[in-house]
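Overview (structure and organization)
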Amino acid sequence: MGVVALFACTPSFSQGIDEKAYVDVSANARAKVLPDRAEIEITLKESDNKGRYSMEELEKRLAVALSEANVDAGEQLSLYRQYVSTDKKRRIYQYKTYKLVVYTAEEAQIVMDALKAQELSNSRILRTWCENYKQVSDSLKVAAVKSAASDARILAEGLGQSIGSALKISYYAPHYTGGVVRNTVMLAAKAEVADEGAAVALPKIEFDEIEIEESVNIRFELMPAGE
């Protein structure tokens, strides 16, 4: 899951008339995970080559590229949309857009290189995400709750008291850009030259880590000393 960081905010104590004494504690839990899914958009346009290649030929080139990249097209490729349009000379061209799911940055690089070799240049990586995001998120919720309870217990003990049941739990679902993805930037490793005159190592596709964070605020009842 990655490194988990826990944070606790300053708690507040209160007791009003006809109210139970309580302590409010906030806690966060974070983890960084490496994306295990990425989506590549591939668009085939007859108009790009002035009709030199038909849609059938373009699709054959796509099939060759995916085969050379060892991609399971039946499992990983889906047709997203298709349409036709005309140019100023009333020539009709077909367009098709596919979406391809890959599992690593290395596989994404292999696919992009294979598409380029087949002269299919209208391709881009749309997004990355973590397939087991929900599992990681749920574990962070539990970690944040446990951290809040631990802090509340320590604070109460400092007063010679203890904590009772949780009276209230506040949880606000975080918003992630692109669904379950945060920091979905596709990075390019810096090119390096071993010595003057040596060949330059071209940048390769890499995926930034996704940071997942969960926060809770819990109100615990304060129990008098000896209870």
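Given the structure is predicted, the values throughout are model-derived calculations rather than measurements. (Residues numbered from 1 in each chain as written. Predicted model: local features only at pLDDT ≥ 70, side-chain atom pairs only at ≥ 80, totals over all residues. Heavy atoms only, no water.)

Considerations on the overall build of the chain
If you tally the helices and strands in the chain, you get four helices and 11 strands. Put simply, the chain has 227 residues, and 36% of those count as buried. In the chain, the proportion of contacts linking residues at least 24 apart, taken out of those at least 6 apart, comes to 74%. For the chain, the accessible surface area stands at approximately 13,900 Å², while carbon and sulfur atoms represent 50% of it. (Helix = DSSP H or I, 4+ residues; strand = E, 2+ residues; numbered from the N terminus. Buried < 20%, exposed > 50% of the residue type's maximum accessible area, 1.4 Å probe, protein only. Contact = heavy atoms within 4.5 Å. Areas by Shrake-Rupley, 256 points an atom, 1.4 Å probe, with all protein chains shown as cover.)

Concerning the pattern of salt bridges
One pass over the structure, following the stated rule, counts 14 salt bridges. Note that D36 and R37 form a salt bridge whose closest N and O atoms lie 3.9 Å from each other. A salt bridge links K96 to E59; the nearest nitrogen and oxygen atoms lie 2.8 Å apart. Taken as a pair, K96 in strand β6 (residues 92-102) and E59 in helix α1 (residues 55-68) lie far apart in primary sequence, 37 residues in all. What makes K96 buried here is its relative accessible area of 14%. (Salt bridge = Lys/Arg side-chain N within 4 Å of Asp/Glu carboxyl O.)

Things to note about the environment of T97
Checked against the element boundaries, T97 lands in strand β6. Each C-alpha atom of the pair T97 and K45 lies 8.7 Å from the other, and the pair is 52 residues apart in sequence. Contacts of T97, omitting those with residues within four sequence positions, involve E41, I42, T43, S78, L79, Y80 and R81.

Quick look at the confidence of the model for the chain
Scored by pLDDT, the chain has a mean of 82; 77% of the residues are at 70 or more. Within the model, the stretch residues 1-10 combines pLDDT values under 50 with 29 contacts to residues more than four positions away or in other chains. When the criterion is pLDDT under 50, residues 177-192 qualifies, and its contacts beyond four places in sequence or with other chains add up to 38 contacts. (pLDDT = per-residue confidence, 0-100.)

A few points about the sheet that holds strand β4 (residues 37-45)
Strand order in the open sheet formed by four strands is β5-β6-β4-β7, with antiparallel pairing between adjacent strands. Lying at the two open borders of the sheet, with one neighbouring strand each, are β5 (77-86) and β7 (123-129). Each neighbouring strand pair of the sheet contributes to a mean axis angle of 20 degrees, computed without reference to strand direction. By the bridge criterion, eight bridges tie β4 to β6 in an arrangement that is antiparallel. Directly across from L44, in β6, lies its bridge partner K96. Its contacts with the sheet place α1 against β4, β5 and β6, and it is angled at close to 15 degrees to β6. (Pairing = 2+ DSSP bridges. Axes fitted to C-alpha atoms, helices over the stretch in contact; angles between N-to-C directions.)

Points about the nonpolar core
Counting 25 residues, the largest nonpolar core has I40, I42, L44, L62, L100 and V111 as the members making the most contacts within it. The residues touching V111, leaving out its near neighbours within four places in the chain, are I40, A69, V71, L100 and V102. (Core = buried A, V, L, I, M, F, W, Y, C linked by side-chain atoms within 4.5 Å.)

Describing the side chain of K96
A polar contact of 2.8 Å, which involves the side chain of K96, links it to the side chain of E59. Setting aside anything within four residues of it in sequence, one finds K96 in contact with I42, T43, L44, M55, E59, L79, R81 and Q82. (Polar contact = N/O pair within 3.5 Å; in protein donor to acceptor, adjacent residues only side chain to side chain.)

Observations concerning unusual backbone geometry
The backbone of N70 shows a phi angle near 60 degrees, a positive value even though the residue is not glycine. Take N70: it is sitting in the loop between α1 and α2 (73-76). Judged by its relative accessible area of 69%, N70 is exposed. Positive phi outside glycine occurs at E119, with the angle close to 60 degrees. Mapping E119 onto the fold places it in the loop between α3 (105-117) and β7.

Re the packing of aromatic side chains
Think of a pair of aromatic rings as described by two things: how far the centres are apart, and how the planes are tilted against each other in angle. Evaluation of the coordinates by the stated rule reveals one aromatic pair. When the ring centre of Y53 is taken as reference, the NZ or CZ atom of R61 above it lies at 4.2 Å. Its guanidinium or amino end placed over the ring of Y22, R219 lies 3.9 Å from that ring's centre, counting from NZ or CZ. (Phe/Tyr/Trp six-rings, centres within 6.5 Å; stacked < 30°, edge-to-face > 60°. Lys NZ or Arg CZ within 6 Å of the ring centre and 35° of its normal.)

Description of the pairing of β6
Among the 11 residues that make up β6, eight are buried, leaving the element largely enclosed by the rest of the structure. With nine bridges joining them, β5 and β6 adopt antiparallel strand pairing. Of the residues in β6, the one forming a bridge with L77 is L100. Between β5 and β6, which pair antiparallel in sequence order, lie five residues; one of them, R90, sits at a positive phi of approximately 65 degrees.

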